[in-house]
Amino acid sequence: MIKELSLLKNLVYSNFVRLRSPYKITFAATYRCNLKCKICNIWDKPTRDELSCLEIEKIFKSLNNLNWIDLTGGEVTLREDLSDIIKLIIRGSKRLVIFHISTNGQLAQRAFLATKAIISAGITPVINISIDGPERVNDFLRGGSGAYWRSLETFRSIKRIRNARVYLSCTLSSLNIDYIDELITDLKKNIQDFDFSNLHFNIFHQSAHYYNNQNKDISLELTLHSLKKYLGLCALGNPVKVFLEKEYIKELGFFINNGRSSFPCQACLSTCFLNPYGEVFPCSIYNLKIGNLKENNFDINALWNCGKTKAVRKCVEENKCPGCWSPCEAYPAIAGHFLRKAASI
């Protein structure tokens, strides 16, 4: 209960003051990937020395205010030390409540073991497994034969774990929007007890420093009607998920018309993005590096409270960032905005 109260407090406070330390971090533990997706060029990035377990331990040891982590890649299961990384993050972050992992589902056993490692620490894991269309569409978009069936295998495997929350996550773009009905029909055939609550949809975004897809523009043909049609299907299941999904849909029209949300963004206010090399950015979208933890004694709190980070936050407040409605950034904004309204009543 203490950890949950800490999360609630940070969600409220982040709408009135800048937190002394981030309560949510998106950590891309590797940029290596075993697929070659059409909407993302992370797989095409040159490889460098990734943060070691010892370095990761140093970073998270001081993050006692951390309540929420998104662990992602590249493909995060390509880290052979993934279970060790999970344990180190949880051991260092005493107030952690939400542990979310995104995976392409190609390595079922590693994803299964990662999920079990989170559960063994007494935290309910949230696992998103990518799937972007029926078999032929998914495998074409993801650049790997058999990718569709491997994703389903991983989903079935993790769904059998008690207390794990697992979802099939689909990124909507003009490349797959015409095939989503077919995908749903196939999932009903291939997954026992399939339910729409098993789905999570998000929309295509560009990012130079993360997705490496700044030259791709494949969302122009999407309409608000088509997006809401499919996004609305996944607003079922867990009450927190339902709330976030519904609020995400409500704000979608404003984002499409204005290129940004009407809710205050949390980047450098209460959240940030950490890449595999120790470099810190405001979020997964804004290509403005704040600094490298390898050059700052792996002390994220010191970097968080320096003048440059505060200056970057001012840029966000002045709408100098690209703007986005990516769930990684949208959900903290939604939660905080709702609690701010509740606190003011």
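For clarity, every value in this text was computed on a predicted model and none was experimentally measured.

1. Overview of the sheet that holds strand 1 (residues 24-28)
Taken together, 9 strands build an open sheet; the order of strands is 6-5-4-3-2-1-7-8-9 and the sheet is mixed. Single-partner strands in this sheet number two, and they are strand 6 (199-203) and strand 9 (291-292). In terms of strand pairing, strand 4 (residues 125-130) meets strand 5 (residues 165-172) through 5 bridges, oriented parallel. Following the sheet pairing, valine 126 is matched in strand 5 by arginine 165. Taken strand by strand, helix 4 (residues 108-120) contacts strand 3 (98-103) and strand 4, and its axis lies near 165° from that of strand 4.

2. Section: the pattern of salt bridges
The full count for this structure, using the stated rule, is 14 salt bridges. As a salt-bridge pair, glutamate 80 and arginine 110 come within 3.9 Å of each other at their nearest N and O atoms. Taken together, the positions of glutamate 80 in the loop between strand 2 (68-72) and helix 3 (82-92) and arginine 110 in helix 4 put the pair 30 residues apart, joining distant regions of the chain. For glutamate 80, a relative accessible area of 72% puts it in the exposed group. We classify arginine 110 as partly exposed; its relative accessible area is 33%. In this structure, glutamate 247 and lysine 250 form a salt bridge, with 3.2 Å as the shortest nitrogen-oxygen distance. One end of the pair is glutamate 247 and the other is lysine 250, both in helix 9 (residues 239-258) and 3 residues apart, which spans about a single turn. Accessibility expressed as a relative area gives 17% for glutamate 247, which makes it buried. We classify lysine 250 as exposed; its relative accessible area is 60%. Each of the salt bridges in this network shares a partner with another, and the network as a whole consists of Arg32, Glu50, Arg79 and Asp81.

3. Looking at a positive patch on the surface
Together, Lys58, Lys61, Lys87, Arg91 and Lys94 line one region of the surface with positive charge. When residues of the positive patch are traced back to their parent elements, those giving at least two are helix 2 (53-61) and helix 3. Tracing the backbone shows lysine 94 in the loop between helix 3 and strand 3.

4. What to know about the environment of cysteine 306
Note that cysteine 306 resides in the loop between helix 10 (300-304) and helix 11 (307-317). With relative accessibility at 23%, the residue cysteine 306 sits in the partly exposed group. Put simply, cysteine 306 and glutamate 245 are 61 residues apart on the chain and 34 Å apart in space, counted from C-alpha to C-alpha.

5. Let's talk about unusual backbone geometry
The phi torsion at aspartate 193 lies on the positive side, around 60°, for a residue other than glycine. One can find aspartate 193 in the loop between helix 7 (180-190) and strand 6. The class of aspartate 193 is exposed, set by a relative accessible area of 63%. In the Ramachandran plot, asparagine 212 falls in the positive-phi region, its phi being about 60° despite a non-glycine side chain. Mapped onto the secondary structure, asparagine 212 falls in the loop between strand 6 and helix 8 (224-231).

6. Some words on the side chain of aspartate 186
With respect to the helices and strands, the residue aspartate 186 is situated in helix 7. Ignoring anything within four residues of it in the chain, the contact list for aspartate 186 reads Pro134, Glu135 and Tyr148.

7. Observations regarding the pairing of strand 7 (residues 271-274)
On strand 7, burial covers both faces: Thr271 and Phe273 on one face and Cys272 and Leu274 on the other are all buried. When strand 1 meets strand 7, the two strands line up parallel, connected through 4 bridges. In the strand pairing of strand 7, lysine 24 is matched with threonine 271. The sheet contact formed by strand 7 and strand 8 (residues 279-281) spans 2 bridges and is antiparallel. For phenylalanine 273, the partnering residue across the bridge sits in strand 8 and is phenylalanine 281.

8. With respect to helix 5 (residues 135-142)
Taken residue by residue, helix 5 has Val137, Asn138, Asp139, Leu141 and Arg142 as its buried positions. On the buried face of helix 5, the contacting elements are strand 4 and helix 6 (147-159). Where helix 5 ends, the next residue or the one after it, glycine 143, has phi of about 65°, a positive value.

Rules used in this analysis
Residues numbered from 1 in each chain as written. Predicted model: local features only at pLDDT ≥ 70, side-chain atom pairs only at ≥ 80, totals over all residues. Heavy atoms only, no water. Pairing = 2+ DSSP bridges. Helix = DSSP H or I, 4+ residues; strand = E, 2+ residues; numbered from the N terminus. Contact = heavy atoms within 4.5 Å. Axes fitted to C-alpha atoms, helices over the stretch in contact; angles between N-to-C directions. Salt bridge = Lys/Arg side-chain N within 4 Å of Asp/Glu carboxyl O. Buried < 20%, exposed > 50% of the residue type's maximum accessible area, 1.4 Å probe, protein only. Patch = residues over 30% accessible without salt bridge, like charges linked within 9 Å, V, L, I, M, F, W, Y side chains within 5 Å. Areas by Shrake-Rupley, 256 points an atom, 1.4 Å probe, with all protein chains shown as cover. Lys, Arg positive; Asp, Glu negative; His and termini not counted. Charge placed at Lys NZ, Arg CZ, Asp CG, Glu CD.

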